[in-house]
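Single-letter residue listing:
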Amino acid sequence: MAAPRHSCLFVLSSAAEGVSASSFLQAYNLVSPNCTVQLASPNGKNIEYVKQDESNRRWFNEFRAKASSTPIGLETVDPARYATVFIPAAPGAVHDLLKNQDLAQIISHFVREKKPLCAVGMGVAGLFGAKKDNGSWWFEDYSLTGPSVFEEARHAEFASLPVIPEDFIKEHGGQYSSSEPDAIHVIIDRHVITGQNVQSTIMAVQNLILMSTQK
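Residues numbered from 1 in each chain as written. Predicted model: local features only at pLDDT ≥ 70, side-chain atom pairs only at ≥ 80, totals over all residues. Heavy atoms only, no water.

- In the nomenclature of an unreviewed UniProt entry, the protein is known as Glutamine amidotransferase-like class 1 domain-containing protein 1 of Potamilus streckersoni.

Below is the structure:
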């Protein structure tokens, strides 16, 4: 008898700045054969997949025609139903996931239950709102990565970003590390996997799948 499929929650930004098309596509194609994937976004709003190219535009057109491409609202998510959670690289994450209280409750559940969670690139900002009952950050003693200041400083919107992941992690007690810009760099600390950038998506998600099969 086949083992039951795990359910993986993909948390996606619905801000205008969007979700990295390549990070989402790579992760979805790795996870969906192994798990049941549920998309979720703030208020169930539709997702803008940014930086599509000729190699993946057709895939996204076909994907959007499927019912499974429509996200549910984060406020409706019962985190106990999911074995893993994944937040792809997303420029929009610092705008609508950063302080989302529904997401904060989901992440807090995963940390308390020690269930595998993974965030890549700016998606790491989705971890920043999760607080303990005493108000401290859940990840204050974790080793994490995310976009480096050097990577973010190359973008025109750098000066207006509401948070710089590298600075936030350091200022809130986390142990931050990074490699050179655009290099593959993944950190695993206990049940938490973080990837520095879009280029780190495949390596991070492969470890998420491996971790979920060991649970």
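Structure shown, so let's carry the discussion forward.
## What to know about the packing of aromatic side chains
Moving on, step 1. One pass over the full model with this rule turns up 18 aromatic pairs.
Moving on, step 2. Ring centres 4.0 Å apart and planes at 15° place the aromatic pair Phe 128 and Phe 168 in the stacked group. In this pair, Phe 128 sits in the loop between β7 (117-120) and β8 (143-144) while Phe 168 sits in helix α6 (residues 165-171), placing the two residues 40 residues apart along the sequence.
Moving on, step 3. Judged by its relative accessible area of 12%, Phe 168 is buried.
Moving on, step 4. An aromatic cluster is present here, built from Phe 10, Phe 24, Tyr 28, Tyr 49, Trp 59, Phe 60, Phe 63 and Phe 86 joined pairwise through their rings.
Moving on, step 5. The ring of Phe 110 is capped by Lys 115, whose NZ or CZ atom sits 4.5 Å from the centre of that ring.
Moving on, step 6. Over the ring of Tyr 142 we find Arg 190, and its NZ or CZ is 3.8 Å from the ring centre. (Phe/Tyr/Trp six-rings, centres within 6.5 Å; stacked < 30°, edge-to-face > 60°. Helix = DSSP H or I, 4+ residues; strand = E, 2+ residues; numbered from the N terminus. Buried < 20%, exposed > 50% of the residue type's maximum accessible area, 1.4 Å probe, protein only. Lys NZ or Arg CZ within 6 Å of the ring centre and 35° of its normal.)

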